[in-house]
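Each chain is listed here by its residues.
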Amino acid sequence: RQQVNSTKTNNLSFVYSGVGLGTKVELPYLKNLLLVDKYRLVTKAVLQLNVPLKSVYDAVLPTNTLGLTMIDEKNRVIGLIPSSSGGQVFGGFVMGSDIINMSGQYQFDITYYVNGILNGAYPNNGFLINIPAASLSANTLQAATLGNAKNTKQTAKIYLYYSKTN
């Protein structure tokens, strides 16, 4: 599998059905949380991916749902990113409330997965954002354009909440 860094695409990444184009997300410094004095447990981890304004006006509207898949060090899919209920983690598209500056976002609860990385149950090779097979249609192109962490207008964010002992 080939990679193109999103810094070379104006800090945007893409997901398209039919052509196998997905977006890789890496959490390289996640294990540094183990160095925090008296760290105990991540109580909530949310990945928020913002859809840049221009993509809302594109001919292909953002797909309703994105899924997350676990990958190995060669970017081969090795499984689904699990939720705490045992299913796959999905993120649904939510349109922003500002009608003038049309935008939207996807949110994913990755708490179970993040704790799995921290306790060694899952490798920290990153994961792929893709369009779930159940959402695919033979007659419809589905896509999403996403901002990365360096995109100044539509930044990708991870919110981590953790507890620690006294």
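Everything numeric here is computed off the predicted structure, so don't read it as measured data.

How each quantity is defined
- Residues numbered from 1 in each chain as written.
- Predicted model: local features only at pLDDT ≥ 70, side-chain atom pairs only at ≥ 80, totals over all residues.
- Heavy atoms only, no water.
- Helix = DSSP H or I, 4+ residues; strand = E, 2+ residues; numbered from the N terminus.
- Buried < 20%, exposed > 50% of the residue type's maximum accessible area, 1.4 Å probe, protein only.
- Contact = heavy atoms within 4.5 Å.
- Pairing = 2+ DSSP bridges.

Some points on the overall build of the protein
1) Next: Along its length, the protein carries two helices and 10 strands.
2) Next: Counting all 166 residues of the protein, 42% fall into the buried class.
3) Next: Sequence separation of 24 or more characterises 74% of the internal contacts of the protein that already satisfy a separation of 6 or more.

Comments concerning helix α2 (residues 111-118)
1) Next: Along α2, seven of the eight residues are buried, which leaves the element largely enclosed by surrounding structure.
2) Next: Listed as buried for α2 are T111, Y113, V114, N115, G116, I117 and L118.
3) Next: Here the buried face of α2 lies against β3 (39-51), β4 (65-71), β7 (104-109), β8 (127-130) and β10 (157-164).
4) Next: Taken from the residues just after α2, G120 is the one with a positive phi, measuring 85°.

Quick word on the pairing of β7
1) Next: Side chains G104, Y106 and F108 project from β7 onto a buried face, and the interleaved Q105, Q107 and D109 project onto a face without burial.
2) Next: Relative to β7, β3 runs antiparallel, the two being bridged by six bridges. Of the residues in β7, the one forming a bridge with V46 is D109.
3) Next: Sheet analysis places strand β6 (residues 90-95) next to β7, joined by three bridges and oriented antiparallel. Along β7, the bridge assignment pairs F93 with Y106.

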